[in-house]
Amino acid sequence: MIEQMTVGELRALLDEKHEQFASWQVVDVREPWEVERASIKHKHLRHTHIPMATIPLRLQDLDKSKRILVMCRTGGRSMQVANFLSQSGFSNVYNLQGGITAWSREVDPSVPTY
């Protein structure tokens, strides 16, 4: 079963435990135009952009030894990718529940919902 992380939990990690969160790998699986349109802006958030369709071709870009947080617009695609990663041997995979839309609604309204 894939662990769910709320945007509130992500914000707390970024604000209060950013040294610990620095060891995570964050993967945004949205399309390039979506990333350009709306993204989480936080000084402690670094992410890798790998569109969902290319995940199987880019598994070598992901580190099985790290916790991986997968995010998308609303949490649906990221959940599919998280399940795929879990089936591919990744053991510490988390889905950002509600995605960028939840971040905009609950944490930072300056991030557009599209």
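Relevant structure appears above.
On a predicted model such as this, the values are computed, not experimentally measured, just so you know.

Caption draft 1: Expanded view of the environment of His49. Relative to the helices and strands, His49 is located in strand S3 (residues 48-49). Note on His49: relative accessible area 24%, which makes it partly exposed. Taking the C-alpha atoms as reference points, His49 and Asp61, 12 residues apart in sequence, are found 10 Å from one another. Not counting the four nearest positions on each side in its chain, His49 is found in contact with Asp28, Arg30, Glu31, Pro32, Val35 and Arg58. From its side chain, His49 meets the backbone oxygen of Arg30 in a polar contact 2.6 Å long.

Caption draft 2: Fine view of the packing of aromatic side chains. A complete count under the given rule lists two aromatic pairs for this structure. A ring pair is formed by Trp24 and Tyr94, whose centres lie 4.8 Å apart and whose planes are at 45°; its orientation type is tilted. Here Tyr94 lies in strand S5 (residues 93-96) and Trp24 lies in the loop between helix H2 (18-21) and strand S2 (25-28), a separation of 70 residues in the sequence. Pair check on accessibility: Trp24 and Tyr94 agree, each one buried.

Here is what the cut-offs are and how they apply
- Residues numbered from 1 in each chain as written.
- Predicted model: local features only at pLDDT ≥ 70, side-chain atom pairs only at ≥ 80, totals over all residues.
- Heavy atoms only, no water.
- Helix = DSSP H or I, 4+ residues; strand = E, 2+ residues; numbered from the N terminus.
- Buried < 20%, exposed > 50% of the residue type's maximum accessible area, 1.4 Å probe, protein only.
- Contact = heavy atoms within 4.5 Å.
- Polar contact = N/O pair within 3.5 Å; in protein donor to acceptor, adjacent residues only side chain to side chain.
- Phe/Tyr/Trp six-rings, centres within 6.5 Å; stacked < 30°, edge-to-face > 60°.

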